[in-house]
Amino acid sequence: RTCRAGMGDSGAADAAASRAESGSTASSRAEVERARWDPPLGDDTAPLVGEWKYPLDKPHGPVMCTSRRVRTGGHPGVDKQIMREGSAAERTPKDGDTCFVHYDMWQLNASGEEVWRTRRESEPHQIVVGKAIPASDGKRRHHPALYECVRAMVPGERALFRVPPELCYGEAGNFSFPAVPPNCWMLVDVELIGAKRGETMERADMLYEERIERVKSHRTKGNELFRGGDVAAAAREYEMSLSFLTDDMMMQLFGAYLDEAEGEKLPAHLNLCACYLKMERHHDAVDQTNRALGVDPTNAKAFYRRGKARRALGQDQAARADLLKSLGFSEGASDPAIERELAALDGEERRSSHARRGVWRGLFDPADDAGGGGAGEDFA
């Protein structure tokens, strides 16, 4: 009995040690994973272009990235991580160039408070690189940070930057919107959509006719690039087109001017969605179709493309609803492309149902599994 007790005590000790080791291993894996998403500056083991994500508990950021952190070569305090590579054929912007960017900016501290977010409005922000900003201009005091970022980028690139206080809100911070504490570093997610060499005219100073001319020019160029197979470049042109159709301008239009602007805005959103579908940026594709439907709530093409994007995201019920709406708004309530998508959804549902039934049949009636092919014929 003593011997058996001793063996039992030993077994319990071994089990406890095993659990402790297992817990330690799990903890080590978690630490490694956390470190992967926050690589130190100059860690050459990190990939040059890695993954990025928004935390589950903070869907609007700050964003996290596994890419290698490197100095930009400009201001000594700035480093970057490439989230998506840009066009190698393009040059980096210089002082005096007009750039169109999307950017999200967060305080680089425990709060991670959002400071700016242009993606919410889907309107690229226009900056003239190197343009002096008055210290009293609280809304644009962070522009020197953006200048420093775009000088280290090429069009089409998206990157995450850490920026020191002197390029943003300085020692004093900012009391009013946006509220920023003193000496606050910033984490900035910048996407450089396009750059115009030597162009200094800002959108707000353009006449309606000048804006519409830019809109049409960029959309036409986007169409040419799309047909030529350069989908990423086409997407940038469609974004540039939309950048001149800002909400503040659209709200001031009426009559024939509004009709013309909406007539340009709708296809630009739809074409940008088509690019995102090909680039497998399905969440972005859904966003663009939502904006297209804001212009035309009965647009069959918008419902069709949103249905395709949602199907790719595994949102089968929502995809079916969109495709059926698209079919209903189509001329003659018939369209082969929509019907093919619906048939594909039906096929996926049948296969999924077949697989589920096979699992449950095996659990509750094992004898059926050994009975040959007849039992599965109902699911063909």
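Remember, it's a predicted structure, so these values are computed and weren't measured experimentally.

Draft legend 1. Structural context of the overall build of the protein chain. For the protein chain, the helix and strand inventory stands at eleven helices and nine strands. In the protein chain, which comprises 380 residues, the proportion classed as buried is 43%. Considering only intrachain contacts with a sequence separation of at least 6, the fraction spanning at least 24 residues in the protein chain is 63%.

Draft legend 2. Just empty space enclosed by the protein, in detail. A full pass over the atoms with the stated rule returns one cavity of 30 Å³ or more. Taken as a whole, the largest cavity encloses approximately 40 Å³ of empty space. Together, His-102, Ser-122, Pro-124, Glu-239, Leu-242, Leu-272 and Gln-288 line the largest cavity. Looking at side-chain class alone, the lining of the largest cavity contains three nonpolar, three polar and one charged residues.

Draft legend 3. The arrangement of the confidence of the model for the protein chain in detail. A residue-level look at the protein chain finds 85% of positions with pLDDT of 70 or above and a mean pLDDT of 86. Per-element mean pLDDT across the protein chain ranges from 48 in helix H11 (residues 366-369) up to 97 in strand E8 (residues 158-163). Overall, residues 1-8 carries pLDDT values under 50, and its contacts beyond four positions in sequence, including any with other chains, amount to zero contacts. Low pLDDT, under 50, characterises residues 367-380; the predicted model gives this stretch eight contacts beyond four residues in sequence or across chains.

Draft legend 4. Expanded view of the side chain of Asp-97. Mapped onto the elements of the fold, Asp-97 is located in the loop between strand E4 (79-84) and strand E5 (98-107). One polar contact links Asp-97 to Arg-91, side chain to side chain, over a distance of 2.8 Å. Polar side-chain contacts of Asp-97 include one of 3.0 Å to the backbone nitrogen of Lys-94.

Draft legend 5. Structural detail: unusual backbone geometry. Cis rather than trans, the peptide bond between Gly-61 and Pro-62 has omega equal to 10 degrees. Tracing the sequence through the fold places Pro-62 in the loop between strand E1 (52-53) and strand E2 (64-65). The amide bond that connects Phe-177 to the next residue, Pro-178, takes the cis arrangement and shows omega of -5 degrees. The residue Pro-178 is located in the loop between E8 and strand E9 (186-196) in this model. One non-glycine residue, Asn-183, lies in the positive phi region at around 50 degrees. Within the fold, Asn-183 resides in the loop between E8 and E9.

Draft legend 6. Local environment of the pairing of E4. The buried count for E4 comes to five of six residues, which makes it a mostly enclosed element. As paired elements, strand E3 (residues 70-71) and E4 share two bridges and run antiparallel to each other. If you follow Val-70 over to E4, its bridge partner there is Lys-80. Strand direction decides the pairing type here: E4 and E8, joined by five bridges, are antiparallel. Counterpart to Ile-82 in the pairing with E8 is Ala-159.

Draft legend 7. Representation of the pattern of salt bridges within the structure. If you walk through the whole model with that rule in mind, you get 25 salt bridges. Note that Arg-119 and Glu-191 form a salt bridge whose closest N and O atoms lie 3.7 Å from each other. Here the residue Arg-119 occupies a position in the loop between strand E6 (114-117) and strand E7 (125-128), and Glu-191 occupies one in strand E9, the gap between them amounting to 72 residues. By the burial criterion, Arg-119 is buried, and Glu-191 matches it. We note a salt bridge from Arg-140 to Asp-137, for which the minimum N-O separation is 2.7 Å. Through salt bridges with shared partners, a single network forms among Arg-84, Asp-104, Arg-117, Arg-119, Arg-158, Asp-189 and Glu-191.

Draft legend 8. Representation of the environment of Asp-189 within the structure. Among the structural elements, Asp-189 can be located in strand E9. When the C-alpha positions of Asp-189 and Asp-104 are compared, they lie 5.1 Å apart, and in sequence the two are 85 residues distant. Leave out the neighbours within four places in its chain, and Asp-189 touches Tyr-54, Val-63, Met-83, His-102, Tyr-103, Asp-104, Trp-106, Arg-119, Arg-158, Ala-159 and Leu-160. A distance of 2.7 Å separates the side chain of Asp-189 from the side chain of Arg-158, its partner in a polar contact.

What counts, and where the lines are drawn
- Residues numbered from 1 in each chain as written.
- Predicted model: local features only at pLDDT ≥ 70, side-chain atom pairs only at ≥ 80, totals over all residues.
- Heavy atoms only, no water.
- Helix = DSSP H or I, 4+ residues; strand = E, 2+ residues; numbered from the N terminus.
- Buried < 20%, exposed > 50% of the residue type's maximum accessible area, 1.4 Å probe, protein only.
- Contact = heavy atoms within 4.5 Å.
- 1 Å grid on protein atoms, 1.4 Å probe; cavity = no way out; pocket = protein on both sides within 12 Å on 5 of 7 lines; lining within 4 Å.
- Points joined across faces, edges and corners; volume = space filled by probe spheres on them.
- Nonpolar A, V, L, I, M, F, W, Y, C, P; charged D, E, K, R; others polar.
- pLDDT = per-residue confidence, 0-100.
- Polar contact = N/O pair within 3.5 Å; in protein donor to acceptor, adjacent residues only side chain to side chain.
- Pairing = 2+ DSSP bridges.
- Salt bridge = Lys/Arg side-chain N within 4 Å of Asp/Glu carboxyl O.

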